[in-house]
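Now for the letters of each chain:
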Amino acid sequence: MFTLKPISKDAIPRALEKAERYRLLNEPKEAESICLDIVEIDPENQQALIMLLLALTDQFDATSAQSGLRARARGILSRLSGEYEKAYYEGIIHERRARAQLNSGFLGAGSLAYEGFREAMSWYESAESIRAPGNDDAALRWNCCARAIMEHRLQAKQEESHQYLLE
């Protein structure tokens, strides 16, 4: 239908600034579009890939956390070059999915959110073990997950016990 207009490589720094601004304005679709334009001409641009992953996870809600957005975010994750970044942003994906589930209000959402937060915390612990000196981002995210669990009194799904009565 339309042929998208390519941007120049010289425009990448300014485009990244605009994408960040759109994320801050809670307009993740616009940020996503800009990042797609950047990675079209510079497929390995780590800053654009990270911003794209964040823009995708900004869009998680009760239904999209289960849909193609999550798969797309995981696809971007595989393109990140550093082991720390892969672990940290895997945690971000799980944490944001957990928050979307928690906010859904669906029956059983609390236990699903708990599992998601715990999974995120595990990834943050992995990232923390390989972080650069002075980078406590993974610990900060871990604490956010822990506080969410405590604040909402989330628990793992309890196994249902069935007692069968014999006649």
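Quick note: structure is the one above.
Given the structure is predicted, the values throughout are model-derived calculations rather than measurements.

So, how was this worked out
Throughout, residues of each chain are indexed from 1 in the direction in which the sequence is written. For this predicted model, a pLDDT threshold of at least 70 governs which residues receive local features, and a threshold of 80 or more governs which side-chain atom pairs are given and counted, while totals over whole chains, interfaces and linings are taken from all residues. Side-chain metrics rest on all non-hydrogen atoms present in the structure, leaving aside hydrogens and water. Numbered from the N terminus, helices here are DSSP runs of H or I no shorter than four residues, and strands are runs of E no shorter than two. Here the term buried applies to any residue with accessible area under 20% of the maximum for its type, exposed to any over 50%, and partly exposed to those in between, with areas from a 1.4 Å probe on protein chains only. It only takes one pair of heavy atoms within 4.5 Å for two residues to be counted as in contact. Here the aromatic set is Phe, Tyr and Trp, taking the six-membered ring for Trp, and pairing holds for ring centres within 6.5 Å; pairs whose planes are under 30 degrees apart are stacked, those over 60 apart are edge-to-face, and all others are tilted. Axis definition: a line fit to C-alpha positions, over the contact stretch in the case of helices; interaxial angles, taken between N-to-C directions, run 0 to 180 degrees. The labels follow the angle: roughly parallel below 35 degrees, roughly antiparallel above 145, roughly perpendicular from 65 to 115, and oblique for the rest. For a crossing to be left-handed, the near helix must be turned anticlockwise from the far one by less than a right angle; the clockwise case is right-handed. The residue classification treats Ala, Val, Leu, Ile, Met, Phe, Trp, Tyr, Cys and Pro as nonpolar and Asp, Glu, Lys and Arg as charged. All others, Gly included, are polar. Helix span, expected: 1.5 Å multiplied by one less than the number of residues in the helix. Buried residues of nine kinds, namely Ala, Val, Leu, Ile, Met, Phe, Trp, Tyr and Cys, make up a nonpolar core once their side-chain atoms join them within 4.5 Å. For the purposes of these results, a polar contact is taken to be a pair of N or O atoms within 3.5 Å, where, inside protein, one atom must be able to donate a hydrogen and its partner to accept one; residues adjacent in sequence count only when each atom of the pair is a side-chain atom. A cavity here means a set of points on a 1 Å grid, drawn over the protein atoms and nothing else, where a 1.4 Å probe fits but cannot get out; a pocket is an open set with protein on both sides within 12 Å along at least five of seven lines, and a residue lines either one if it has an atom within 4 Å of a point. Grid points are joined across faces, edges and corners, and a volume is the space filled by probe spheres set on the points.

(A) Local environment of the environment of Tyr 124. Mapped onto the elements of the fold, Tyr 124 is located in helix H6 (residues 109-129). The exposure class assigned to Tyr 124 is buried, which follows from its relative accessible area of 0%. Taking the C-alpha atoms as reference points, Tyr 124 and Arg 14, separated by 110 residues in sequence, lie 31 Å from one another. Leaving out residues up to four positions away in the same chain, Tyr 124 has contacts with Tyr 88, Gly 91, Ile 92, Glu 95, Ala 138, Arg 141, Trp 142 and Cys 145.

(B) Spotlight on the packing of aromatic side chains. With the rule as written, the count across this model stands at three aromatic pairs. With 4.9 Å between their ring centres and 90 degrees between their planes, Tyr 88 and Tyr 89 make a pair best called edge-to-face. Its relative accessible area of 10% is what places Tyr 88 among the buried residues. Seen from their ring centres, Tyr 88 and Tyr 124 are 5.7 Å apart, and the 45 degrees between their planes marks the pair as tilted. Taken together, the residues span a long stretch of sequence, with Tyr 88 in helix H5 (residues 83-104) and Tyr 124 in helix H6 at a distance of 36 residues. Ring pairing ties together the aromatic residues Tyr 84, Tyr 88, Tyr 89 and Tyr 124, which thus form one cluster.

(C) Seen up close, the packing of helix H3 (residues 46-58) against H5. H5 packs onto H3 with a crossing angle of 10 degrees between their chain directions and a minimal axis gap of 10 Å. With respect to their mutual orientation, H3 and H5 come out roughly parallel. In the packing of H3 onto H5, the handedness of the crossing is right-handed. Contacts from Ile 50, Leu 53, Leu 54, Thr 57 and Asp 58 in H3 reach Glu 85, Tyr 89, Ile 92, Ile 93 and Arg 96 in H5. Of the residues in the contact of H3 with H5, the class split is six nonpolar, one polar and three charged.

(D) View of H5. In a regular helix each residue adds 1.5 Å, so 22 residues correspond to 32 Å; H5 covers 32 Å between its end C-alpha atoms and thus fits that length. Of the residues flanking the end of H5, it is Gly 105, one or two places downstream, whose phi is positive at about 75 degrees.

(E) Representation of the environment of Glu 115 in the model. Structurally, the position occupied by Glu 115 is in helix H6. We classify Glu 115 as partly exposed; its relative accessible area is 42%. Sequence separation between Glu 115 and Ala 55 is 60 residues, and the spatial gap between their C-alpha atoms is 23 Å. If we ignore the near neighbours within four places in the chain, the residues touching Glu 115 are Ala 156 and Lys 157.

(F) Representation of the nonpolar core within the structure. Ile 38, Leu 53, Tyr 88, Tyr 89, Phe 117, Tyr 124 and Leu 154 are the most contacted members of the largest nonpolar core, which has 46 residues in total. Looking at this core, the elements that each hand over two or more residues are helix H1 (12-24), helix H2 (28-41), H3, helix H4 (68-77), H5, H6 and helix H7 (137-151). Those residues within four positions of Leu 154 in sequence are excluded, and the remaining contacts are Leu 102, Gly 110, Ala 113, Tyr 114, Phe 117, Ala 148 and Ile 149.

(G) Up close: the side chain of His 94. Positionally, His 94 belongs in helix H5. Looking at His 94, its side chain comes within polar contact range of the side chain of Glu 90, at 3.0 Å. With near-sequence residues (within four places) excluded, His 94 lies in contact with Gly 116, Glu 119, Ala 120 and Trp 123.

(H) Up close: the layout of surface pockets. Of the volumes computed, that of the largest pocket is approximately 150 Å³. Lining the largest pocket, in full, are Leu 4, Lys 5, Pro 6, Ile 7, Ser 33, Leu 36, Asp 37, Glu 40 and Ile 41. The class makeup of the residues in the lining of the largest pocket is five nonpolar, one polar and three charged.

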